[in-house]
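Understanding the architecture of this molecule
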Amino acid sequence: MKRFTLFFALMGTVIISSAFNPKPIESNAVQLHQDSKIELPDNIKEIVEVKCMNCHKPDARNEKAREKLQWVKVPEMNKEQQEDFIAEMFEVIEDGDMPPARMVERNPKMKLTDEENKAFMAWLEKEEKRLKGK
């Protein structure tokens, strides 16, 4: 049976039957949006490449940092991993734990600027909302 809306005229009143209407696409779109992968906008990619990637890449010399996080794997995380990642990133950025103090002491340019910090937090908030379907 074809999906369509039936119109009935009854004493000058139009009654619309939705018995054959498909389910709203919105619920499917929200689910697809929640299941999508983390995307790094260009401004965040730039920050990550300059200030994070040296320690958090597959061939990094810092074994602890390499085991903790590899940025190249972030886009392939499943939803649960994304949620954990976002929560942890909020914490380390808010607390100023990344980059580590000893790294910043050796190379002050590695410290996130206020602008970079704000951009990172805005991106994390956007990703958190996406994961929650908002």
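This structure, assessed with the given rule, holds 0 disulfides. With no disulfide of its own, Cys-52 has Cys-55 as its nearest cysteine by sulfur position, at a separation of 8.9 Å. You can call Cys-52 buried: its relative accessible area is 15%.

The next thing to look at is helix α4 (residues 79–94). Helix length check: α4, at 16 residues, gives a terminal C-alpha distance of 22 Å against a target of 22 Å (1.5 Å per residue), a fit within 8%. For α4, the capping residue at the N-terminal end is Asn-78, with a side-chain oxygen 3.1 Å from the backbone nitrogen of Glu-80.

Within this structure, the stated rule accounts for 3 aromatic pairs. Arranged with centres 6.2 Å apart and planes meeting at 75°, the rings of Trp-71 and Phe-120 form a pair that is edge-to-face. A residue pair is termed long-range when its members are at least 10 positions apart, and Trp-71 in the loop between α3 (63–68) and α4 and Phe-120 in helix α6 (residues 114–132) qualify at 49 residues. For Trp-71, a relative accessible area of 3% corresponds to the buried category.

The rules behind the values
Residues numbered from 1 in each chain as written. Predicted model: local features only at pLDDT ≥ 70, side-chain atom pairs only at ≥ 80, totals over all residues. Heavy atoms only, no water. Disulfide = S-S within 2.5 Å. Buried < 20%, exposed > 50% of the residue type's maximum accessible area, 1.4 Å probe, protein only. Helix = DSSP H or I, 4+ residues; strand = E, 2+ residues; numbered from the N terminus. Expected span 1.5 Å × (residues − 1). Polar contact = N/O pair within 3.5 Å; in protein donor to acceptor, adjacent residues only side chain to side chain. Phe/Tyr/Trp six-rings, centres within 6.5 Å; stacked < 30°, edge-to-face > 60°.

Distances and angles like these do not, on their own, reveal function.
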